Structure formats: C-alpha cells, structure tokens
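In case you want the letters, here they are:
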Amino acid sequence: MTKVVPDPYVNQLTVRDFDCEANSNQISVIVEYMGLPRVEKWNIDQRRPEQPSFTSERITFLKYVTGTSDLIIGMDVTGDEREQLFLLKENGMLIPLTHSPEHVHLYGGSSPDGKWIAWSSNRQNPAFLDIYIQSLETYETHLVFAGDGMFTVERWFPNGNALLVRRTNSALDQDLGILSLLTGNIDWITEHSGEASYRNIHFSNNGDEIYLLSNKDSEFYGLACIHLPTKQLTWLLRGNWDFEGLTLNKENNMFAFTENQGGISKGYLFDLNQGALYTWETPMGVITNLTFLLQRQMLLFKLNGPAHPSELWALHLPTLQVQSLMNISKPLIEGKLANPKLLSYRSFDGLQIPFFYYKPEPAAQKHPVVIYLHGGPESQSRASYNPLFEYLQSKGFCIAAPNFRGSTGYGKTYTQLDDVRKRMDALKDVISLVDFLKQDPDIDASKIAVLGGSYGGFLTLAAISHYPNLWVSAVDIVGMSSLRTFIQTTSPWRKRLREIEYGTVKQDEDFFNQIDPLNHADRITAPLLVIHGVNDPRVSIDESEQIVNKLKQREHPVTFHRIEGEGHNLVKPEDKIYVYSMVAAFLEQYMGRD
C-alpha cells in the first residue's frame with residue numbers, strides 16, 4: 001500500500017538497551033535504526049563506536065560477563081519469544097549457548113568470577129521454568145533446580161555458591177529464595193500473606209542484606225532492606241507512587257530510582273548514610289536503565305519521551321545537571337513532536353481514571369478522536385514516544401490513552417479491580433471516557449474510533465460488540481476475540497498466570513461466553529481493521545481469524561492483515577511502516593480526514 005506514515009516518525013535512531021563495563025569508560029549499547037538493532041561498544045569520552053557493530057534482527061538484551069569485556073546477548077526468531085542466549089566475545093565472535101530453539105531461556109546473570117551464567121528454561125516441562133547454570137569455559141549446562149512452577153534467577157550471591165531466585169505465583173505475587181548450589185535446596189526468605197512483589201535487587205557490601213523495591217503489605221513499591229539471616233524486611237523509603245528501576249552505588253550507599261508519577265518518571269537519588277533525598281529535572285518521559293558510572297561521577301539512564309525518542313542521558317552527580325549523552329536521536333521531525341496532557345475523569349462508579357490526552361491546536365474543523373487501549377492488562381500507558389500517535393496528531397486527530405482499572409502504577413487495589421468476573425468494569429471505564437470526551441467542544445463527537453493491541457485489542461472488540469453505536473471505526477491488533485479460546489491456546493508457560501487474571505475455562509466458561517466479543521459479533525456495526533503477527537506465541541492468530549470469519553459471513557466491512565515473520569510485537573521496519581500506514585489510512589478513510 002502507499003506509505004502514509006513517513007519514515008522519520010518510525011525510523012528514529014534510538015537506544016534500546018545498554019550496559020557498562022566495570023572500571024571502564026566503555027559501554028555497550030543496543031542501537032536501533034531503520035528497525036534493525038545492532039550492538040555497539042562506545043567510549044564515553046569519544047562518544048562514538050569504538051568497534052565494528054554486531055547486527056541481528058532480534059537482539060533482545062545485552063549484559064557484560066563479570067570481569068570481562070564479553071557480552072551475553074539474547075535473540076529470538078521472527079517474534080516467537082523463545083529467546084536463545086549467545087556469548088559475544090570481545091573479538092566479535094558469536095558463540096551460541098543454549099541451542100534449543102523450541103524453548104524459552106531467561107537470563108539470570110553471570111557468576112562473580114565470570115566463569116558461569118545462570119538462566120531459566122521450560123525444557124523439562126513446557127508449562128514450568130526450571131533453573132540451570134552453564135560454564136563459559138566448556139559450555140556444559142547443569143540443571144540445578146526443577147519444580148512445578150515459574151522459577152527465575154535474580155542474582156548470584158557474592159560468594160558464587162548460591163543464587164537468589166524468584167518464584168512467580170502470579171503477575172502480581174512472587175517469593176524470593178536462596179538456592180544453594182551445594183545442596184540444591186531453596187530457603188524461602190519472603191513469606192507473606194496476600195500479594196507481594198519484589199524487584200531490582202542488590203546485595204549489600206557484606207552480602208548479609210539485600211536492597212530492593214517491594215509492595216509487601218503496601219499499595220505501592222517502596223525501597224526496603226531484607227536482612228538475610230533473619231529474613232526481616234525493613235522499609236527505608238516509601239512514597240505515594242511506585243518506585244522503579246532501583247540501582248545502587250555500593251561505594252557510598254547511594255541509591256538511584258525513579259517514581260512513576262501517573263506514567264511520567266521522576267528521578268531520585270537517596271543517600272542512605274545521610275538519609276538525604278535529591279531529585280533532578282528531565283523532559284517528560286519514562287526513565288529506565290539507571291546505571292552508575294563511578295569513574296566519571298555520572299548516572300547513566302535511558303529517557304524515552306513523547307517528544308524525545310529513546311536516548312542515552314547522563315546525570316552529572318556533583319551538579320545534578322543532565323544532558324543527552326550521545327545525541328543520536330536527531331529526528332527529521334524535530335519540533336513537530338508534542339507532549340500530551342495528563343488528565344482524569346470520573347467513571348461509572350465514581351472511580352477516577354487517568355488518561356493521556358494528545359490534542360492538536362484548535363482548528364476550524366473539529367477533531368476526530370482515537371481512544372487507544374493498552375495491553376496487559378497489568379500494564380500502563382506511559383509518556384513515551386509513539387510514532388502513530390505523533391503522526392495522527394499532526395493530521396488533526398486527538399488521541400486519548402486511558403489507564404483503565406486493572407492498569408499498574410496506581411496501587412495494588414487499582415490493579416485488582418478488573419480481575420476475572422470484574423472484567424467488564426474496565427470496559428465501562430472506556431465508555432465513561434467517551435462520555436467525558438464528548439464534553440470537549442473541540443472534538444467531533446460523531447467521529448470516535450477505538451484502537452487497541454493484545455488485551456487492548458480484546459477491549460476494542462468488546463467495545464464495538466457491547467456498545468456498537470458509539471464508534472465510527474475500530475482497529476484490533478493481536479487482540480483476543482474470546483477469553484475462552486485464548487486461555488486454551490496461549491503458550492503453556494503463560495497459561496497459569498493468565499488464568500489467575502482472567503479465570504479458568506472450568507470455572508468461568510459461562511462468564512466468558514457471556515462477554516466474549518466472538519459471541520456478539522453480529523452486533524458490530526463499526527468498520528474493523530484487524531492485524532495479527534503469524535508467529536504470535538501469546539495470542540494465537542486464531543483469535544483474529546475466528547472473528548474475521550464471522551464478520552465476513554455477514555459481509556460486514558472488515559479488513560484483515562496477517563503479518564508474516566512477526567509475533568506479538570512488530571520488529572521489522574518495513575512492517576512497522578506498513579502497519580502504521582495501514583492504520584492511519586483506515587482511520588482517515590472512516591473519520592473524514594483529508
């Protein structure tokens with residue numbers, strides 16, 4: 001089809017991930033341009049690649065091996081999410097480590113002496129994750145723990161004789177334990193009632209304590225310490241939003257973290273010795289990958305904002321001043337990108353629902369509106385760069401991105417408000433947003449579309465089938481048309497966690513049958529665009545095919561695009577431009593834009 005969304009909106013030169021080599025000015029960066037990620041080694045002083053880059057379509061992460069200049073990188077194939085691990089040697093040689101393309105491999109770090117790595121995989125049972133260690137000298141693997149559950153590695157203990165491991169009970173509930181590599185036994189250290197999560201874990205200098213973020217017995221994640229011999233958790237700092245991305249400078253007990261203030265990151269430094277809290281200013285966006293670069297007195301981080309595609313930034317610790325470190329994102333659309341407003345509205349039951357509102361300058365013609373529904377549902381629309389949003393806004397569209405109940409970032413209770421049979425309350429939040437937006441005199445209330453991906457795709461289909469008269473068009477990307485069939489076909493290692501969120505076919509089939517868009521397809525009146533990656537391991541392409549077939553049987557206007565060589569998320573640059581252009585053209589066709 002004709003390219004509608006110009007290349008500059010999609011093909012920004014951005015930073016996807018980075019890691020710092022210990023005691024060096026060198027960092028390794030996954031840089032993405034034209035949709036193709038490449039690994040580059042940069043010198044902070046020279047601010048340019050020092051070595052030839054390694055390029056592959058599906059590089060997912062990189063981490064230095066302790067005490068070396070070698071890297072562990074992850075890659076999968078055409079979006080299948082069955083990540084394989086590789087050793088990228090300093091000389092550029094790439095050595096496959098896991099050799100099992102039909103299984104998932106989740107990296108757990110390298111040992112203190114740099115001779116071993118740990119990872120989890122579902123090799124033993126497709127529904128469970130077990131723990132392995134692997135020699136980087138002989139490449140032999142050893143299964144060190146297997147069980148009926150989802151077990152992953154957080155960190156190696158400083159003595160190298162144990163692993164700090166996580167057991168995931170649900171998306172919102174985990175336990176931490178100490179896996180002895182000498183005995184193979186796990187000593188669980190975070191017994192709790194209710195749901196509790198633990199993340200961003202760091203050892204103290206003596207190894208007797210771990211610092212981490214947790215929401216144990218709390219609505220929000222705060223900074224805590226666990227004394228390992230006694231398993232006692234002590235709070236160090238808490239706030240009214242979730243803390244995220246904790247990192248630690250062990251030399252002076254300085255922490256860095258961000259606070260997720262309604263989807264916008266605010267950076268903080270916390271001096272544990274002095275009890276002092278400092279902050280710094282950045283443009284609107286999401287801050288991740290906080291990393292101390294001690295020899296330069298810097299804190300490196302990645303900033304991804306609506307008007308600032310993902311870049312590497314530095315905080316100069318003595319002055320608390322920030323700068324874009326490499327200036328690699330030089331958008332051809334610079335000056336055209338705009339930040340949204342963060343607003344809220346009252347839903348059907350009085351609950352306040354936050355949303356980001358992208359609104360063009362007032363014009364003679366009223367603006368059509370696109371309501372964007374995020375996936376998850378344990379996720380959040382955040383203040384980050386979205387090429388489709390920016391392009392549509394440039395063409396006169398308003399975009400509203402609500403964080404309906406069930407989203408993360410607003411406390412544990414808020415996230416649980418859509419569980420199982422409360423599912424349709426999230427949809428009612430979307431309908432309440434329509435009512436709220438109609439009060440804006442600058443919008444055309446007769447031209448409201450809904451667009452969503454994954455779980456947001458399910459809500460999109462639910463919106464147009466349960467409330468058919470509100471929408472002029474709709475776009476469903478990798479969405480579920482039936483929770484019943486989705487639960488039956490999602491990847492085995494994801495199934496149990498999804499059942500906790502959505503319910504089980506055995507206990508909740510009657511409810512699924514009542515709400516599933518597939519069962520109400522005859523009520524749909526809005527023209528529908530459906531897009532799905534053929535290799536999607538999370539939501540089977542059958543979910544799209546079955547509702548498309550139903551709509552075609554009654555000659556309803558539906559356009560279906562199967563994207564070969566893609567999975568749940570788009571990776572290839574040509575596919576991104578193709579899909580974004582398709583969505584933009586479809587919305588403009590049915591919403592009266594030139």
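What counts as what
- Numbers given for residues are sequential positions, taken from 1 along each chain in its written order.
- Local features in a predicted model are, by the rule used here, given only for residues with pLDDT of at least 70; side-chain atom pairs are given and counted only at 80 or more, and totals for whole chains, interfaces and linings are based on all residues.
- Heavy atoms throughout the structure, all of them, feed into the side-chain values; hydrogens and water do not.
- Counting from the N terminus, the helices are DSSP H or I runs at least four residues long and the strands are E runs at least two residues long.
- We call a residue buried when its accessible area falls under 20% of the maximum for its residue type, exposed when it is over 50%, and partly exposed in between, using a 1.4 Å probe and counting protein chains only.
- Should any heavy atoms of two residues lie within 4.5 Å, those residues are considered in contact.
- The protein chains shown are the only cover counted for residues, whose accessible areas, like all others here, come from Shrake-Rupley with a 1.4 Å probe.
- His is not counted, nor are the chain ends, whereas Lys and Arg count as positive and Asp and Glu as negative.
- For the purpose of locating charges, the reference atoms are NZ of Lys, CZ of Arg, CG of Asp and CD of Glu.
- Between any two strands, pairing holds if DSSP finds at least two bridges.
- Fitted lines through C-alpha atoms serve as axes, helices being fitted only where they are in contact, and the angles separating the N-to-C directions of these axes extend from 0 to 180 degrees.
- Between 65 and 115 degrees an angle is taken as roughly perpendicular, under 35 as roughly parallel, over 145 as roughly antiparallel, and anywhere else as oblique.
- Polar here means any residue outside two lists: the nonpolar Ala, Val, Leu, Ile, Met, Phe, Trp, Tyr, Cys and Pro, and the charged Asp, Glu, Lys and Arg; Gly therefore counts as polar.
- Throughout this description, the term salt bridge denotes a Lys or Arg side-chain nitrogen within 4 Å of a carboxyl oxygen of Asp or Glu.
- In a helix, the anticipated span is given by 1.5 Å times the number of residues less one.
- It is the directions from the helix axis to the C-beta atoms that the arc portrays.

Visitor: Help me get a handle on the overall build of the protein, residues and values and all.
Guide: Counting its regular elements, the protein contains ten helices and 37 strands. Across its three principal directions, the C-alpha atoms of the protein cover 65 × 55 × 45 Å. Every one of the 594 residues in the protein was classed for burial, and the buried ones make up 59%. Intrachain contacts of the protein at a sequence separation of at least 6 include 52% that bridge at least 24 residues. Accessible surface for the protein amounts to roughly 23400 Å². Of this, 47% is attributable to carbon and sulfur atoms. When the 54 basic and 70 acidic side-chain charges of the protein are each reduced to a single mean position, those positions are 3 Å apart.

Visitor: A description of the sheet that holds strand β6 (residues 59-64) should follow, citing residues and the corresponding values.
Guide: Reading across from one edge, β6-β7-β8-β9 is the order of the four strands in this open sheet, with antiparallel pairing throughout. In the strand order of this sheet, the two ends are held by β6 and β9 (94-96), each with one partner. The average angle at which neighbouring strand axes cross in this sheet is 25°, direction not considered. Of the strand pairs in this sheet, strand β8 (residues 84-88) and β9 are connected by three bridges, and their pairing is antiparallel. Of the residues in β9, the one forming a bridge with Leu87 is Ile95.

Visitor: Mind laying out the packing of helix α4 (residues 423-437) against helix α5 (residues 455-466), listing which residues take part and the relevant values?
Guide: In contact at an axis separation of 10 Å, α4 and α5 are set at 75° when each is read in the N-to-C sense. With respect to α5, the axis of α4 lies roughly perpendicular. Where α4 approaches α5, its residues Arg423, Met424, Ala426 and Leu427 are matched on the opposing element by Tyr455, Phe458, Leu459, Ala462, Ala463 and His466. Residues that form the contact of α4 with α5 fall into these classes: eight nonpolar, one polar and one charged.

Visitor: Can you lay out the pattern of salt bridges for me, pointing to particular residues and giving the numbers?
Guide: Applying the stated criterion to the full structure yields 22 salt bridges. The closest approach of N and O atoms between Arg382 and Glu244, which form a salt bridge, is 3.1 Å. Of this pair, Arg382 sits in the loop between β32 (367-373) and α2 (387-394) while Glu244 is found in strand β22 (residues 242-249), placing the two residues 138 residues apart along the sequence. Note on accessibility: Arg382 and Glu244 belong to one class, buried. Among the ionic contacts, a cluster of salt bridges with common partners joins Arg16, Glu32 and Lys576.

Visitor: Can you lay out the pairing of strand β15 (residues 162-170) for me, pointing to particular residues and giving the numbers?
Guide: The element β15 is extensively covered by neighbouring structure, given that eight of its nine residues are classed as buried. Of the pairings in the sheet, the one linking strand β14 (residues 150-156) to β15 comprises six bridges and is antiparallel in character. Along β15, the bridge assignment pairs Met150 with Thr168. What sits between the antiparallel neighbours β15 and strand β16 (residues 173-180) is a turn of two residues.

Visitor: How would you sum up the environment of Arg296? Please name residues and give values.
Guide: One can find Arg296 in the loop between β26 (286-293) and β27 (298-305). Among the residues examined, Arg296 registers a relative accessible area of 28% and is labelled partly exposed. Sequence separation between Arg296 and Ile59 is 237 residues; the distance between their C-alpha atoms is 28 Å. Every residue in contact with Arg296, bar those within four places of it in the chain, is listed here: Asn25, Ile44 and Asp45.

Visitor: Give me the lowdown on the sheet that holds strand β29 (residues 321-324), citing residues and values where you can.
Guide: Note: strands within a sheet are paired through backbone hydrogen bonds, in either parallel or antiparallel orientation. Ordered in space as β26-β27-β28-β29, the four strands form an open sheet in which the pairing is antiparallel. Looking at which strands have only one partner, the edges of the open sheet turn out to be β26 and β29. Each strand of the sheet is rotated relative to its neighbour by a mean of 25°, with strand direction disregarded. Examined bridge by bridge, strand β28 (residues 308-316) and β29 share four bridges and lie antiparallel to one another. Bridge pairing in β29 places Leu315 opposite Val322.

Visitor: So, helix α9 (residues 542-553): which residues are in play, and what are the values?
Guide: With twelve residues, α9 should cover 16 Å at 1.5 Å per step; its first-to-last C-alpha distance of 16 Å lies within 8% of that length. Within the span of α9, buried status applies to Glu543, Ser544, Ile547, Val548 and Leu551. Buried residues of α9, viewed axially, fall in a sector of 115°; they line one side. On the buried face of α9, the contacting elements are α5, β35 (473-477), α6 (483-489), β36 (528-533) and β37 (558-563). Two residues or fewer past α9, Glu555 is found with a positive phi of approximately 60°.

Visitor: Help me get a handle on helix α10 (residues 573-591), residues and values and all.
Guide: Between its terminal C-alpha atoms α10 stretches 27 Å, which fits the 27 Å expected from 19 residues at 1.5 Å a residue. In terms of residue burial, α10 counts as a mostly covered element, since 14 of its 19 residues are buried.

Visitor: How would you sum up unusual backbone geometry? Please name residues and give values.
Guide: Apart from glycine, the bulk of residues carry a negative phi angle, and the bulk of peptide bonds sit in the trans form. The residue after Gly376, namely Pro377, is reached through a cis peptide bond having omega 0°. Positive phi values are uncommon outside glycine, yet Asn289 reaches one of about 60°. Along the polypeptide, Asn289 turns up in strand β26. What makes Asn289 partly exposed here is its relative accessible area of 24%.

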